[in-house]
Each structure stands twice: as C-alpha cells, then as structure tokens.
Amino acid sequence: MAENHAQNKAKLISETRRRFEAEYVTDKSDKYDARDVERLQQDDNWVESYLSWRHNIVDETLKMLDESFQWRKEISVNDLNESSIPRWLLEIGVIYLHGYDKEGNKLFWIRVKYHVKDQKTILDKKKLIAFWLERYAKRENGKPVTVMFDLSETGINSIDMDFVRFIINCFKVYYPKYLSKIVIFDMPWLMNAAFKIVKTWLGPEAVSLLKFTSKNEVQDYVSVEYLPPHMGGTDPFKYSYPPLVDDDFQTPLCENGPITSEDETSSKEDIESDGKETLETISNEEQTPLLKKINPTESTSKAEETEKVDSKMKAFKKPLSVFKGPLLHISPAEELYFGSAESGEKKTLIVLTNVTKNIVAFKVRTTAPEKYRVKPSNSSCDPGASVDIVVSPHGGLTVSAQDRFLIMAAEMEQSSGTGPAELTQFWKEVPRNKVMEHRLRCHTVESSKPNTLTLKDNAFNMSDKTSEDICLQLSRLLESNRKLEDQVQRCIWFQQLLLSLTMLLLAFVTSFFYLLYS
C-alpha cells in the first residue's frame, strides 16, 4: 500500500514537472526566475507541497505554480536580504519569527499596532513578509508556522485589508503547506466585520485554522514561556534590531573547536583532559552531588586527571531549579545565568540526569553557535547517571537575552554503541516523535543569583523560609502586574469604544443636516 502511494506520488511529480515545462515555461520563460524553474525540477518536496495543497489535481497545481512563480519574480524573492528592507521597518518590529507553539511550530508574529495603512510603504512591508517566510522556508523545508496576529492596542488606522489579504495569499498560494494555524489575539469588536471578509479569502478548508483568542484561550496553543506578559506569558524577549531575531538552533562550538577566549589556558586543559563528561550517580529528588564511582583498576594518572576536572567544576555555580522531562531532568529549568566580564564568572553549567532504564543520547544546539563553546555538545548518559555540560562564551563575545539553547534527547537501544560515529547515525535515524526537546534562555548577572549555589562547604546556607518568602513576594508582585495590565486593557477598550461612538454620532449628525437642507 505504501509502495503504491509512493509510486503514485512520483508519477504526479513527474507529470507536473513535464507539463509545467511544456505548457508554461515555453511561453512565459521571461516571467519566471530561472532559479525557481530549476528548483522545481530538482526539489521533490517543493513540487509535492503545491500538489497536496491542490489535492493532487495537476491542472490546479499548474495554475498555482504559474501565479506563485510570477509573484516570486515580481518581488525578487530569491534576492531578498536585509539590505532590501528599509532599516526603520526592521527596527519597528511589526513582523518577526520568534518562539514555538505547543506543537513545536515556529511562531510568525505580526504586531498589528505597529502597522499603519500607507500606500507608500505597502510594497516594502510585503517584501518584509516574503523575506521572513523565504528565509524560514530555506532553513526548515516543509515545517509549518503558526501566525500570531497580535491585535492588542490596535486602532482604526491599523486596519489594512490589502495587507491582510497579501498575508493570506502568501500561505494560500506562495508558500503552500506552511500554515499550521492563525491565532488572532484580542481582536477589537470593530474588526468583526473585517475578519468575516478574511474568512471568505481563506476558503472553507482553511477557516478551521483561524483561532480567535483572549488572554485565557491563547495558552491553549502557545505555552507561557513563549508568550509576552501582555498575553499572560513569561517570555522576557524584547524585539530589537540589529541583529535579526534568529531562533534557528545550530550546533555550537564543541570541545574540539577553536579557542580564542581570554581563559585560553584552562580551556586547552579542559579539551586535552579525558573528562568529556562528569558522571555522578545521584537521587532524582536531591541535587547534592555524591562521590563519583571510579574503577579501582584505573591508573593513578587517570584519577589525578579526573580530580583536576572535578576541581574545575567546583568553580561554577550549580543550578538548583529542575525541569523534569520524561527522559532527562534538566537543571536549570528555564534560564542559564552567566556572570559578566567584571564578575569573572563567565561559564555556566547545564546538568542532565537520566531518569530512564536505558542509555539516553543527547545533543545541545544554540541560536548563536558562533558565541558559545559547549562541552560535551553531543554525547550520551547512562541510566541513573548525571552529566555536567559546561557552556562558556567564545572569544570574548557578549551573552544576549535573545540567545537560546536547545537540549535534544532520545533513548537508545541497549545494544547501540555510544561512539561519535554511532551517535551520528543514531540522530539520522531516530523518529522526530521520539525526541524530547527542552529550551533554555540566557541571562547575564553581575553577581550570584539566589537560585544558584557555589559548590563549597558553606554553599547551602540559604534558609528554606527565606526562599519561601522571596517566592511569595514574587507571586504577589506578578499578580499585581497582571491586575494592572487588565486595567490598562480595559481603559484602552473603553477609549476605542468612545471613539467609535463619536464617529457614529458624527455620521448621524452629518446625515441629518444633509437631509434637512437637501
């Protein structure tokens, strides 16, 4: 059955390519970018995305390709880069990619309050949409995005149906299969009529992808860690440019990478030492380190090297907060705290604890691979054991709150090897639904944070009562902030209501006098 399906798909792709070349390219070659025509002949996934969106009807697919390719050449999609977009448009933060929904889809943010209808700038704004979507499509071929229409604090001047229609067409024609859903947040009642029109543009199949939400419902689709405070979330992210916001996780500099940081000597010793991992058998609930088991048959030099690695670890801060995942417990739970250059505590730890009965392979990726050196970045963890991952800024580069780390983990078969070659092959073959993922933010502090403790004899002197008091005060402060935000939102809504009523009254008075004197 599966074999027949694959054969049918291959036939449809072949027919689409042949007919497009014969029926369209021959007559309209000057209307297409040659790079798109070439890609169509080589990229099966690209052809399939158009076919599946048109229910494998080749005639409809060809029309869609024709419209899409003409648009791509008209707007010069293949040549779009940062310099193609006015700097002020990148700085304002009306459109950007950041974060993920609960299904793991990238969030495509459209902050409508920053958009003002203006025919002079509409082309640049369309190019900005195309720039972000093309940039994402080239990196994540076929993975859908969730569009976040943030309508909070939106006024009448922001209503631009031409711009909304273009966005809909992007997913309906130009980037088929890239739309997971459209989450519309805090839509003013004034826009109800406008979005009834939008539904007709989407078509009956895509209408179900519209999700109208308020602060209470939006968390059904996006977890609080990727929602801003005004949506009831905890994401501290603040848009800024330059550089471009980039959440694409890549492999960081590993233990064998180049070293240019000021602590070059100690880094070289870390690399040359045998301690690629520091394994500790610890209780799942307790975070205090126990003695590391050492094979008595190992040589004295091996023990000395291990002791040297352990002594280096004691210079770091040991995180206490824990994310309890199905395969690994990860500490810290949400944020990596880096010291400033002045404090001299530039490195930090990620502690992974295997809570399964099998070996767990893991790897670490980051949105800023050029900034960090991670040791180890790709390894495995034995059942019940713990691994300390050292993360350090590379080459004196500055830690940014926009930087993210991704921990990926998957269970291995008991018979599987754990060498570099075996791990590489394992990650190529493991199904995506078997991979556990957890993301960490970065934070720079001038001094030690209350949620981290130095591994010394006097490290654990913080009283439980003090911790509870701090948590209670923070909870009360967050609750006060939420109430204040709600009051502000109500004031904004009331102002918009008054404005609407005033406009209606003005229209009524104008009509009355027109009828009176006509």
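Quantities reported herein were computed from a predicted structural model and do not represent experimental measurements.

## A short note on the overall build of the protein chain
1) Next: The helix and strand tally for the protein chain stands at 13 helices and 17 strands.
2) Next: In the protein chain, buried positions account for 44% of the 518 residues.
3) Next: A separation threshold of at least 6 residues defines the contact pool for the protein chain, and within that pool the share at least 24 residues apart is 76%.
4) Next: Total accessible area on the protein chain stands at roughly 27800 Å², and carbon and sulfur atoms take up 53% of it.

## Some thoughts on the sheet that holds strand β16 (residues 436-445)
1) Next: Strands sit in the order β9-β16-β15-β11-β13 across an open sheet of 5 strands; the sheet is mixed. At either margin of the open sheet sits one strand with a lone partner, and together these are β9 (335-339) and β13 (378-381). For this sheet the average axis-to-axis angle between neighbouring strands, irrespective of direction, equals 30 degrees.
2) Next: Here β9 pairs with β16 via 5 bridges, running parallel.

## Examining the pattern of salt bridges
1) Next: Using the criterion set out here, one finds 19 salt bridges in the structure.
2) Next: Its salt-bridge partner being D36, residue R72 comes within 3.1 Å of it at the nearest N-O pair. Placement of R72 in helix α4 (residues 58-74) and of D36 in helix α2 (residues 34-42) is noted, with a sequence separation of 36 residues between them. One exposure class covers both R72 and D36, and it is buried.
3) Next: Notably, a salt bridge pairs R441 with E334, separated by 3.4 Å at the nearest N-O pair. Here R441 is found in strand β16, whereas its partner E334 is found in the loop between β8 (328-331) and β9, with 107 residues between them in sequence.

## Here's the deal with unusual backbone geometry
1) Next: Here the residue pair S331 and P332 is connected by a cis peptide bond, since its omega of 5 degrees sits within 30 degrees of zero.
2) Next: In this fold, P332 is placed in the loop between β8 and β9.
3) Next: Cis peptide bonds are those with omega within 30 degrees of zero, and the linkage from K375 to P376 qualifies with -10 degrees.
4) Next: With a phi close to 60 degrees, N56 is a non-glycine residue in the positive phi region.
5) Next: Along the chain, N56 falls in the loop between α3 (44-53) and α4.
6) Next: Residue classification places N56 among the partly exposed positions, given a relative accessible area of 41%.
7) Next: You will see that K177, though not glycine, has its phi angle at about 70 degrees, which is positive.
8) Next: Note that K177 resides in the loop between α7 (161-174) and β4 (179-185).

## What to know about the sheet that holds strand β2 (residues 106-111)
1) Next: Spatial strand order, β1-β2-β3-β4-β5: 5 strands in an open sheet with mixed pairing. If you trace the sheet from one side to the other, it starts and ends with β1 (95-100) and β5 (210-213), each paired once. Averaged over all pairs of adjacent strands, the angle between strand axes in this sheet comes to 25 degrees, irrespective of strand direction.
2) Next: Here 4 bridges tie β1 to β2, and the two strands are oriented antiparallel to one another. Bridge pairing in β2 links Y100 to K106.
3) Next: Lying over the sheet, helix α6 (residues 122-139) contacts β1, β2 and β3 (145-150), oriented at roughly 35 degrees with respect to β1.
4) Next: The sheet strands contacting α7 are β1, β2, β3 and β4, and the helix crosses β3 at an angle near 170 degrees.

## So, the packing of α2 against α3
1) Next: Running from N to C, α2 and α3 cross one another at 90 degrees; their axes reach a closest spacing of 6 Å. Viewed along their axes, α2 and α3 adopt a mutual orientation that is roughly perpendicular. Where α2 abuts α3, its residues D36, R39, L40 and Q42 lie against D44, W46 and V47.
2) Next: Class assignment for the residues of the contact of α2 with α3 results in 3 nonpolar, 1 polar and 3 charged.

## Some thoughts on the packing of aromatic side chains
1) Next: This structure, assessed with the given rule, holds 20 aromatic pairs.
2) Next: Arranged with centres 5.8 Å apart and planes meeting at 40 degrees, the rings of F338 and Y372 form a pair that is tilted. Placement of the pair is F338 in strand β9 and Y372 in strand β12 (residues 372-375), with a sequence separation of 34 residues.
3) Next: A network of ring pairs unites the aromatic residues F20, Y24, Y32, W46, Y50 and F69 as a single cluster.
4) Next: The side chain of R439 reaches across the aromatic face of Y100, ending 3.9 Å from its centre.

## Things to note about the nonpolar core
1) Next: With 75 residues, the main nonpolar core has F108 and F171 as its most contacted residues.
2) Next: When near neighbours in sequence (up to four residues on either side) are disregarded, F108 contacts I95, Y96, L97, I129, W132, L133, V145, T146, V147, M148 and F171.

## Structural notes on the pairing of β8
1) Next: Of the two faces of β8, the one carrying L328 and I330 and the one carrying H329 and S331 are both buried.
2) Next: Hairpin connection of strand β7 (residues 323-324) to β8: 3 residues between the antiparallel strands.

## A closer look at the packing of α4 against α7
1) Next: Running from N to C, α4 and α7 cross one another at 125 degrees; their axes reach a closest spacing of 10 Å. Taken together, the axes of α4 and α7 are oblique relative to one another. Contacts between α4 and α7 pair M64, E67, S68 and W71 from the former with F166, K172, V173 and Y174 from the latter.

## Focus: α6
1) Next: Here α6 is 18 residues long and its end C-alpha atoms lie 26 Å apart, about the 26 Å a rise of 1.5 Å per residue gives.
2) Next: Among the residues of α6, those classed as buried are I122, K125, K126, L128, I129, A130, F131, W132, L133, E134, Y136 and A137.

## As for the confidence of the model for the protein chain
1) Next: Of the residues in the protein chain, 69% reach a pLDDT of 70 or more, and the chain-wide mean stands at 75.
2) Next: Contacts of residues 305-317 to residues separated by more than four positions or lying in other chains number 27 contacts, the stretch itself having pLDDT below 50.
3) Next: Note on residues 447-465: pLDDT under 50 across the span, and 26 contacts to partners over four residues away in sequence or across chains.

The rules we used
- Residues numbered from 1 in each chain as written.
- Predicted model: local features only at pLDDT ≥ 70, side-chain atom pairs only at ≥ 80, totals over all residues.
- Heavy atoms only, no water.
- Helix = DSSP H or I, 4+ residues; strand = E, 2+ residues; numbered from the N terminus.
- Buried < 20%, exposed > 50% of the residue type's maximum accessible area, 1.4 Å probe, protein only.
- Contact = heavy atoms within 4.5 Å.
- Areas by Shrake-Rupley, 256 points an atom, 1.4 Å probe, with all protein chains shown as cover.
- Pairing = 2+ DSSP bridges.
- Axes fitted to C-alpha atoms, helices over the stretch in contact; angles between N-to-C directions.
- Salt bridge = Lys/Arg side-chain N within 4 Å of Asp/Glu carboxyl O.
- Parallel < 35°, antiparallel > 145°, perpendicular 65-115°, else oblique.
- Nonpolar A, V, L, I, M, F, W, Y, C, P; charged D, E, K, R; others polar.
- Phe/Tyr/Trp six-rings, centres within 6.5 Å; stacked < 30°, edge-to-face > 60°.
- Lys NZ or Arg CZ within 6 Å of the ring centre and 35° of its normal.
- Core = buried A, V, L, I, M, F, W, Y, C linked by side-chain atoms within 4.5 Å.
- Expected span 1.5 Å × (residues − 1).
- pLDDT = per-residue confidence, 0-100.

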